[in-house]
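Residue strings, one per chain:
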Amino acid sequence: MPDTETIKSTTAMSFNCPNYSGALYTRSNIETPFLNAIGAPLYTKSVEFVTSQDYALEDPSQPEISEVQSVKGVDATFITRSQETNVTQIFQEAVSVSYAKQSNMGTLSGINITGQRADPTDELQFQKAAKMRKIANSIEYTFINGVYNKATADDVANKTRGILSAITTNAITETNKVGASIMRSAINSLLKKMYDSGVSPDGDTVFVNSAIAAAITEAFTGSSSLYPNGVTTAGAAIRGLMTDFGTVNIILARTIPQNVLLCAKTSAIHPVEQITPNKGNFFYEDKPSTGAAYNGMIFGQIGLDYGVEYLHGKVVFAE
């Protein structure tokens, strides 16, 4: 039987989780623009899945083959291929609400005025919804910033590779800190690098946090290159930026580091879900309780398929 201190720290009860009246808000981030902007889910029955199979041709050159050499023939060569993979990982949250707390939603703390009532009115449903929101935030963060690890034993966690760590070909390290004076050249350098590697960045989406967003605005103020395009994508109003290499869209994303600019081809990116048979993914399941509490768990497995990593690009500014 758990001791009292353990129960207090894990179970919502009448005094550690009081009821209040008034409109309910959260100061936490509840926006997931990257997760919302990428493609439809894919599905896997294996923890490890393929993100791409890649090959490279030799650099083009002008052949120098005489008629005599053509009769003799040329030496054969072959093109090798390589495979890139990622893994799904577990996201899990537990919920515990005492019977007494669930039946005590009419007791209000704080200022009480006639006619007011608790918001929420159902503690268990509130806790479930809040934990699902927490998982969504964690997936958003992981898909951008995740550090890869493939489990080698049952007690080792799989960790999906986020898009920032996946990008190696079109990665620029800027020695200067974020600022308006270098923002034009940094963006042009990245898009040129992407174009030179065989990728058209036209139509791609640039994800930035507040520092780079402000620097872009300052750098392009008075220029017709930066404009609001009147479109809402991923629940966010986007801006368009015309460049020598096409037009890119700009979306604010709080989980992007303040010193990183990400240019992503969102149509090539997908969440990969690993379904639990007969249950689905990110499902709530009641758990047995040894005492007077509703206990349950939310469970899901998901990873990021970013396609071919050189479809995307990033600039990392000095901190």
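Structure: see above.
Residues numbered from 1 in each chain as written. Predicted model: local features only at pLDDT ≥ 70, side-chain atom pairs only at ≥ 80, totals over all residues. Heavy atoms only, no water.

Concerning the overall build of the protein chain
On a plain count of helices and strands, the protein chain comes out with eight helices and 14 strands. Its C-alpha radius of gyration of 26 Å places the protein chain more than 25% over the 20 Å reference for a compact globule of 319 residues. Oriented by its inertia axes, the alpha-carbon framework of the protein chain measures out at about 95 × 55 × 30 Å. Taking all 319 residues of the protein chain together, 42% fall into the buried category. Excluding contacts between residues fewer than 6 apart, the proportion of contacts in the protein chain whose partners are at least 24 apart in sequence is 78%. When the accessible surface of the protein chain is split by element, carbon and sulfur atoms take 52% of a total near 18400 Å². Taken together, the 24 basic and 30 acidic charged side chains of the protein chain have centroids lying 7 Å from each other. (Helix = DSSP H or I, 4+ residues; strand = E, 2+ residues; numbered from the N terminus. Rg over C-alpha atoms; globule rule 2.2 N^0.38 Å. Buried < 20%, exposed > 50% of the residue type's maximum accessible area, 1.4 Å probe, protein only. Contact = heavy atoms within 4.5 Å. Areas by Shrake-Rupley, 256 points an atom, 1.4 Å probe, with all protein chains shown as cover. Lys, Arg positive; Asp, Glu negative; His and termini not counted. Charge placed at Lys NZ, Arg CZ, Asp CG, Glu CD.)

Side note on the nonpolar core
In this structure, M183, I187, V208, I216, L261 and F317 are the most contacted members of the largest nonpolar core, which totals 29 residues. Those elements that place two or more of their residues in this core are α7 (180–196), β6 (205–208), α8 (210–220), β9 (246–252), β10 (260–264) and β14 (313–318). With near-sequence residues (within four places) excluded, F317 lies in contact with E174, N176, K177, V178, I182, M183, A186, I212, N259 and L261. Counting 26 residues, the second-largest nonpolar core is a separate cluster that includes I163, I238, I251 and A264. (Core = buried A, V, L, I, M, F, W, Y, C linked by side-chain atoms within 4.5 Å.)

Quick look at the environment of S21
Tracing the backbone shows S21 in the loop between α1 (4–10) and α2 (33–37). A sequence separation of 99 residues divides S21 from P120, and the C-alpha atoms of the two residues are 8.4 Å apart. Beyond its immediate sequence surroundings of up to four residues, S21 is in contact with L108, I111, Q116 and R117. A distance of 2.9 Å separates polar atoms of two side chains, one belonging to S21 and the other to Q116. (Polar contact = N/O pair within 3.5 Å; in protein donor to acceptor, adjacent residues only side chain to side chain.)

Points about the pattern of salt bridges
Following the criterion strictly, the structure yields nine salt bridges and no others. Across the pair E285 and K279 runs a salt bridge whose closest N-O atoms are separated by 2.4 Å. Under the relative-accessibility criterion, E285 is labelled buried at 18%. Since its relative accessible area comes to 43%, K279 is described here as partly exposed. Linked by salt bridges that have partners in common, E93, K131 and K134 make up one network. (Salt bridge = Lys/Arg side-chain N within 4 Å of Asp/Glu carboxyl O.)

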